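# Coordinate analysis (summary)
Read off the chains here:
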Amino acid sequence: MRTTLRIRRAAVVFTAIGALALTACGGDGDGGEKKTDDGGSTPDKNSAPSVVLPKLDGEKLSVAAVWTGPEQANFVKVLDEFEKRTGAQVTFVPAQDPIVNFLGTKIAGGQPPDVAMIPQVGAIQQAVAKKWAKPVGAEAKAELSKNYAKVWQDLGTVDGTQYGVYFKAANKSLIWYNAKAFENAGASEPKTWNDFLKTAETVSASGVTPVSVGGADGWTLTDWFENIYLSQAGPEKYDQLAQHKIKWTDGSVKDALTTLAQLFGKPSLIAGGADGALQTEFPTSVTQTFTGGDQPKAAMVYEGDFVSVNIAQTKAKIGTDAKVFPFPAVGPEAPVVTGGDAAIALKDGKGAQALLTWLASTDAAKIAAGQGGFISPNKGLDPAAYPNDVQRTMAKALIAAGDAVRFDMSDQAPQSFGGTPGKGEWKILQDFLKNPKDIAGTQAALESAAAKAYKS
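Owing to the predicted nature of the structure, the values given are computational and were not obtained by experimental measurement. (Residues numbered from 1 in each chain as written. Predicted model: local features only at pLDDT ≥ 70, side-chain atom pairs only at ≥ 80, totals over all residues. Heavy atoms only, no water.)

### Here we look at the overall build of the protein chain
Looking only at helices and strands, one finds 20 helices and 14 strands in the protein chain. Counting the 456 residues in the protein chain, one finds 59% classified as buried. Within the protein chain, counting contacts between residues at least 6 apart in sequence, those at least 24 apart form 78% of the total. With an accessible surface of roughly 17600 Å², the protein chain has 49% of that area assigned to carbon and sulfur atoms. (Helix = DSSP H or I, 4+ residues; strand = E, 2+ residues; numbered from the N terminus. Buried < 20%, exposed > 50% of the residue type's maximum accessible area, 1.4 Å probe, protein only. Contact = heavy atoms within 4.5 Å. Areas by Shrake-Rupley, 256 points an atom, 1.4 Å probe, with all protein chains shown as cover.)

Right, here's the structure in full:
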């Protein structure tokens, strides 16, 4: 049931991000958009819709997703516009990880949502295997064909049938930093892993802890590993490990864990040390990097473009106070790891299919992009829709990459291994953060958990 990706990685992807030390200035808009004060754009009410939707007056729909806070609020604005255009009433249903378990409970109780936003490729495949997911209809497939590169269509396909519509993408190969802390330390943006470690020591010598790690959320640790592994072992090995065609006891995994231990094994370089990191949730790992004036709790935080949503909860301005550089190269090339969230229909019917069509449209992508903290894989979206040059540059690079991206490895795995809090890869890498000297034990635990998950 597993869909495999065999796509070639281009070294050029996201190289433009090295120039992201920019102020959030405006770009050039065109025709059907109006400029906002921060350089983004909002749809012109007089512009023609990019997609035709049916009338659904009085129909009630529900959409489940694990998003909370600003991410949820931004998505609800997309649903609000769908309501205006169709007459349907749409309810957002907060879900919990792992979402497959949440959906299973809803389905067993006879109350499945019409649509669910799925953050893992493996979870889409599970939903299909359980016969929960409904195939994408002709109208949504037409939008996908028009607006999406083949790789994003393939990610939502199982055994040749389209089930998922990727609405949101992520560039998960970024390190964000506090510009003032770097300036005070005399630090510069590193290009390689060795330079990154030297930069961390330079920042530490200035009196600021260099790196914030959201270790309470195990998924952030899988992302650390994946970037190092992709850069160091290369894309072919990455694909093999993602499909469990090589074991986690392979020497390439040992090398990547050894590299990661160069950071995790030095508690002085991590805010709160290992114990503090394991109690720090992802949102806090970001906000503590951009609060505290000249003495933030950390100078750098690793994670994807969506970090900007959490930076927005502080007084820091992206491009001025908060800057970003690509994840440093461990091997010959810097890594490019992407992730995303796909919509799947769990109910037959006109309403669910109309919502999939809407989420595949450029109009829906434009609304979400304008809120910030969001990157769309929709190649029809005008980059002017993004609110600042930082996100605009990241989005352009993602689209320019086309099929030459690597999707998040843990999100390709069975959810019991790659996507469950307190279990599998998430828990084992949390244990590794606590004891980074035990590389062999970590490898054995990863292989044992992976073998069980892939067999099931």
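### As for the sheet that holds strand E9 (residues 174–178)
On the basis of which strands lie adjacent, the open sheet formed by four strands has the order E10-E11-E9-E12 and mixed pairing. Two strands lie at the open edges of the sheet, namely strand E10 (211–212) and strand E12 (322–326), each paired on one side alone. Pairing between E9 and E12: five bridges, direction antiparallel. In the strand pairing of E12, tyrosine 177 is matched with lysine 323. (Pairing = 2+ DSSP bridges.)

### So, the pairing of E9
A large share of E9 lies buried, amounting to five of its five residues. With burial as the criterion, each face of E9 is covered, one bearing Leu174, Trp176 and Asn178 and the other bearing Ile175 and Tyr177.

### A word on the environment of leucine 278
Here leucine 278 lies in helix H11 (residues 273–278). Apart from the residues lying within four places of it in its own chain, the contact partners of leucine 278 are Gly215, Ala216, Gln430, Leu433 and Lys434.

### Re helix H7 (residues 193–205)
Between its first and last C-alpha atoms H7 spans 19 Å; for 13 residues at 1.5 Å apiece the expected length is 18 Å, and the two agree. By the burial criterion, the buried members of H7 are Trp193, Phe196, Leu197, Thr199, Ala200 and Val203. For H7, the angular spread of the buried residues around the axis is 160°, confining them to a single face. Of the residues in H7, the exposed ones pointing more than 90 degrees away from the buried face are Asn194, Lys198 and Ala205. Trailing H7 by a residue or two, glycine 207 shows a phi angle of about 105°, which is positive. (Expected span 1.5 Å × (residues − 1). Arc of directions from axis to C-beta.)

### Details of the packing of aromatic side chains
Each aromatic ring pair is specified by the distance between its two centres and by the angle formed by the two planes. For the structure shown, the criterion picks out 23 aromatic pairs. Taking the centre distance of 5.5 Å and the plane angle of 85° together, the rings of tyrosine 302 and phenylalanine 327 count as edge-to-face. Linking tyrosine 302 in strand E11 (residues 300–302) with phenylalanine 327 in the loop between E12 and strand E13 (337–345), this pair joins segments that are 25 residues apart in sequence. Of the two residues examined, tyrosine 302 and phenylalanine 327, each falls in the buried class. (Phe/Tyr/Trp six-rings, centres within 6.5 Å; stacked < 30°, edge-to-face > 60°.)

### So, the nonpolar core
Ranked by internal contacts, the top residues of the largest apolar core, which has 89 residues, are Phe75, Phe82, Trp152, Phe167, Trp176 and Trp358. Tallying contributions element by element places helix H14 (residues 350–359) first for this core, with six residues. The contact partners of tryptophan 358, leaving out residues within four places of it in the chain, are Val51, Leu53, Val78, Glu81, Phe82, Arg85, Asp363, Ala364 and Ile367. Leu197, Leu263, Tyr302 and Ala413 belong to the second-largest nonpolar core, a separate cluster that totals 54 residues. (Core = buried A, V, L, I, M, F, W, Y, C linked by side-chain atoms within 4.5 Å.)

### Examining the pairing of strand E4 (residues 89–94)
Two faces make up the sheet, and in a regular strand the side chains alternate between them. Of the strand pairs in this sheet, strand E3 (residues 60–65) and E4 are connected by six bridges, and their pairing is parallel. The residue bridging serine 62 from the neighbouring strand is threonine 91, located in E4. After leaving E3, the chain enters helix H1 (residues 69–86) and then returns to the sheet as E4, a path that is right-handed. (Right-handed = clockwise from strand over helix to strand, strands pointing away.)

### Looking at the environment of phenylalanine 264
Relative to the helices and strands, phenylalanine 264 is located in helix H10 (residues 251–264). Judged by its relative accessible area of 2%, phenylalanine 264 is buried. For phenylalanine 264, the contacting residues outside a window of four places in its chain are Val213, Leu221, Trp224, Ile270, Phe432, Leu433 and Pro436.

### A closer look at the packing of H10 against helix H20 (residues 439–455)
At a minimum axis distance of 10 Å, the contact between H10 and H20 shows a crossing angle of 125°. The angle between H10 and H20 places the two elements in the oblique class. By crossing handedness, the relation of H10 to H20 is classed as right-handed. Packed against H10, whose contacting residues are Val253, Lys254, Leu257 and Thr258, the element H20 presents Ile439, Thr442 and Gln443 at the interface. Each residue belonging to the contact of H10 with H20 can be placed in one class, and the counts come to three nonpolar, three polar and one charged. (Axes fitted to C-alpha atoms, helices over the stretch in contact; angles between N-to-C directions. Parallel < 35°, antiparallel > 145°, perpendicular 65-115°, else oblique. Left-handed = near helix turned anticlockwise from the far one by under 90°. Nonpolar A, V, L, I, M, F, W, Y, C, P; charged D, E, K, R; others polar.)

### A look at the pattern of salt bridges
Opposite charge on two side chains allows them to pair when their charged atoms are near. Here the structure, examined in full by the defined rule, presents 13 salt bridges. Between arginine 85 and aspartate 363 there is a salt bridge, with the nearest N and O atoms lying 2.8 Å from each other. Here arginine 85, found in helix H1, pairs with aspartate 363, found in helix H15 (residues 362–371); they are 278 residues apart in sequence, far enough to count as distant. Here the residues in one salt-bridge network are Glu81, Arg85 and Asp363, joined through shared partners. (Salt bridge = Lys/Arg side-chain N within 4 Å of Asp/Glu carboxyl O.)

### Quick look at H15
Most of H15 sits out of view: eight of its ten residues are buried. Two residues or fewer past H15, glycine 372 is found with a positive phi of approximately 90°.

### Focus on the side chain of asparagine 388
You can see asparagine 388 is positioned in the loop between H15 and helix H16 (389–401). The exposure class assigned to asparagine 388 is buried, which follows from its relative accessible area of 8%. A distance of 3.1 Å separates a polar atom in the side chain of asparagine 388 from the backbone nitrogen of valine 390. (Polar contact = N/O pair within 3.5 Å; in protein donor to acceptor, adjacent residues only side chain to side chain.)

### Re the confidence of the model for the protein chain
Residues shown with low pLDDT carry predicted positions that ought not to be read at fine detail. Model confidence for the protein chain is summarised by a mean pLDDT of 89, while 89% of its residues fall at 70 or above. Across residues 1–43 the pLDDT falls below 50, and counting only partners more than four positions away or on other chains, this stretch makes 129 contacts in the model. (pLDDT = per-residue confidence, 0-100.)

### Points about the environment of lysine 347
Considering the arrangement of structural elements, one finds lysine 347 in the loop between E13 and H14. Distance in space between the C-alpha atoms of lysine 347 and valine 115 is 7.3 Å, their sequence separation being 232 residues. Contact partners of lysine 347, with chain neighbours within four places excluded, come to Pro112, Pro113, Asp114, Lys134 and Ala352. Among the polar contacts made by the side chain of lysine 347, one reaches the main-chain carbonyl oxygen of proline 112 at a distance of 3.5 Å.

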